[in-house]
Amino acid sequence: MNPSCQQNLKELKFLLESINTDQYQYKSQILSGASIGQHIRHILEFYLCLIKSTQDHHIVNYDKRKRNLQIEKRPEEAIATIDQIITDLAQSRKEGDLYLQGNYSIHEIDLITIPTTFKRELAYCLDHTIHHQALIKIGLQELNLVHLVDECFGVSPATIRFNQEFSKSA
């Protein structure tokens, strides 16, 4: 799981090294006023929250993640954060049980706790990132910058494998 996450984060880093601050902060009309930077911040904060959970009584609560607005405003801050996450994932052998806490109701306070594992949550972070990459790709299209990413950017590995098999049999 770690190598897949690290590779995906490197793809994000490459994109950030290819755009300027104005493009990073551009509020996309298609994305309801969200910027690429806001999506990047959101992605990275989930990884940071998961990594921190191994120090916080093995509880991960994505709702309580620390929001760092500098990540969404400054691509260089996002790049430094990506490097930090990649290093942490490469150096650590985080294993074992965690507990996912969250409130999944919009109408009431209903905090639930679900048993999980670090690897399961790492898989979630990767899936979550790919989902946001698809949105980022739409923002890049609006800026006429979609050429900066691979055609598989924002596409799940299962879909990529399916399309490859389908094209072989067609």
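Located above this text is the structure these notes cover.
The model shown is predicted, which means the values in this text are computed figures rather than measured ones.

What counts, and at which threshold
- Residues numbered from 1 in each chain as written.
- Predicted model: local features only at pLDDT ≥ 70, side-chain atom pairs only at ≥ 80, totals over all residues.
- Heavy atoms only, no water.
- Salt bridge = Lys/Arg side-chain N within 4 Å of Asp/Glu carboxyl O.
- Helix = DSSP H or I, 4+ residues; strand = E, 2+ residues; numbered from the N terminus.
- Buried < 20%, exposed > 50% of the residue type's maximum accessible area, 1.4 Å probe, protein only.
- Contact = heavy atoms within 4.5 Å.
- Core = buried A, V, L, I, M, F, W, Y, C linked by side-chain atoms within 4.5 Å.

A. Quick peek at the pattern of salt bridges. By the definition in use, this model includes six salt bridges. Among the ionic contacts, a cluster of salt bridges with common partners joins Arg41, Glu45, Arg65 and Glu72.

B. Looking closely at the side chain of histidine 42. Its location among the elements puts histidine 42 in helix 3 (residues 36-53). The class for histidine 42 is buried, based on a relative accessible area of 19%. In contact with histidine 42, other than residues within four places in its own chain, are Arg65, His128 and His132.

C. Layout of the nonpolar core. Of all hydrophobic cores here, the largest spans 38 residues; its most connected members are Leu9, Ile40, Leu44, Tyr47 and Leu89. The element best represented in this core is helix 3, accounting for nine residues. Contacts of leucine 9, omitting those with residues within four sequence positions, involve Leu44, Tyr47, Ile82, Ile85, Ile86 and Leu89.

Functional significance is not addressed by these values, which are geometric in nature.
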